[in-house]
Amino acid sequence: LQALATLNDTTYVETARHLGRRMMEAAEEPHGRLQFGARAVLSRQLRGEELAVLDAALARHMKDFGADPDAARELLGAGATAPPVETRTPEWAAYTMIASTLLNLDEALTKR
């Protein structure tokens with residue numbers, strides 16, 4: 001049930017959207033953005049294989065949202081802090097999904 005809440009709840013989608021925006025502003029290139037997201041959520045750098053997995057996921061999300069910009073606008077329109085429609089880009093939606101992935105990692109949700 002926890003995964004359903006953290007993947008679908010409006011608050012978590014908004015949180016991922018804001019983190020996705022911060023990731024995009026943190027660096028020019030994708031690996032720097034992904035590393036920023038990992039540091040913000042996990043307090044550590046991504047390892048090589050983790051970076052490769054997220055890089056592939058980012059490429060897939062970019063392709064999917066590029067083919068369906070309406071889905072990107074819908075995703076980025078969730079919640080009370082929804083940005084204007086004209087600013088809701090497929091790239092931002094892709095980074096929102098990556099941020100959601102990071103926020104839903106067991107390492108991010110569980111203190112050991």
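Since the model is a prediction, treat every value here as computed from it, not as a measurement.

> Can you help me understand the overall build of the protein in this one?
Looking only at helices and strands, one finds seven helices and zero strands in the protein. Helices and strands in the protein line up, N terminus first, as α-α-α-α-α-α-α. Here the C-alpha atoms of the protein give a radius of gyration of 13 Å, agreeing with the 13 Å that 2.2 N^0.38 yields for 112 residues. Dimensions of the protein along its principal axes, counting C-alpha atoms only, are 40 × 30 × 20 Å. Put simply, the protein has 112 residues, and 38% of those count as buried. Contacts in the protein between residues at least 24 apart in sequence constitute 60% of all its contacts with a sequence separation of at least 6. For the protein, the exposed surface amounts to about 6,600 Å²; the carbon and sulfur share of it is 55%. Measuring between centres, the 13 positive side-chain charges of the protein sit 4 Å from its 16 negative side-chain charges.

> Hey, could you run me through the environment of Leu34 in this one?
One can find Leu34 in helix 3 (residues 30-42). Residue contacts for Leu34: discarding those within four places in its chain leaves Met23, Leu46, Leu51, Leu54, Asp55 and Ile98.

> It is not clear to me how the nonpolar core should be interpreted in this structure. Could you clarify?
With 27 residues, the main nonpolar core has Met23, Leu34, Ile98 and Leu102 as its most contacted residues. Of all elements in the fold, only helix 2 (10-26), helix 3, helix 4 (48-67), helix 5 (69-76) and helix 6 (90-103) reach the threshold of two or more residues within this core. At seven residues, helix 6 tops the list of elements feeding residues into this core.

> Before we go on, may I ask you to explain the environment of Leu19 in this structure?
As for its position among the elements, Leu19 is in helix 2. For the pair formed by Leu19 and Pro30, sequence separation is 11 residues and the distance between their alpha carbons is 14 Å. Setting aside chain neighbours within four positions, we find Leu19 in contact with Ala40, Val41, Ala99 and Leu103.

> Is there a simple way to think about helix 5 in this case?
Structural remark: α-helix, 3.6 residues per turn; residues separated by three or four positions point the same way. Here helix 5 has its buried residues at Ala72, Leu75 and Leu76. Seen end-on, helix 5 carries its buried residues on one side only, within an arc spanning 90°. Exposed residues on helix 5 whose side chains face more than 90 degrees from its buried face are Asp70 and Glu74. Those residues of helix 5 that are buried are in contact with helix 2, helix 4 and helix 6.

> Please explain the pattern of salt bridges as it appears in this structure.
Between side chains of opposite charge, pairing is possible as soon as their charged atoms come close. Tallied over the entire structure, the rule returns six salt bridges. Of the charged contacts in the structure, one is a salt bridge between Glu91 and Arg33, with a shortest N-O distance of 2.8 Å. Within this pair, whereas Glu91 is found in helix 6, its partner Arg33 is found in helix 3, the two being separated by 58 residues in sequence. What makes Arg33 buried here is its relative accessible area of 9%. A salt bridge links Arg44 to Glu50; its shortest N-O distance comes to 2.8 Å. Three or more residues joined by partner-sharing salt bridges are found here, namely Arg44, Arg47, Glu50 and Glu107.

Here is what the cut-offs are and how they apply
Residues numbered from 1 in each chain as written. Predicted model: local features only at pLDDT ≥ 70, side-chain atom pairs only at ≥ 80, totals over all residues. Heavy atoms only, no water. Helix = DSSP H or I, 4+ residues; strand = E, 2+ residues; numbered from the N terminus. Rg over C-alpha atoms; globule rule 2.2 N^0.38 Å. Buried < 20%, exposed > 50% of the residue type's maximum accessible area, 1.4 Å probe, protein only. Contact = heavy atoms within 4.5 Å. Areas by Shrake-Rupley, 256 points an atom, 1.4 Å probe, with all protein chains shown as cover. Lys, Arg positive; Asp, Glu negative; His and termini not counted. Charge placed at Lys NZ, Arg CZ, Asp CG, Glu CD. Core = buried A, V, L, I, M, F, W, Y, C linked by side-chain atoms within 4.5 Å. Arc of directions from axis to C-beta. Salt bridge = Lys/Arg side-chain N within 4 Å of Asp/Glu carboxyl O.

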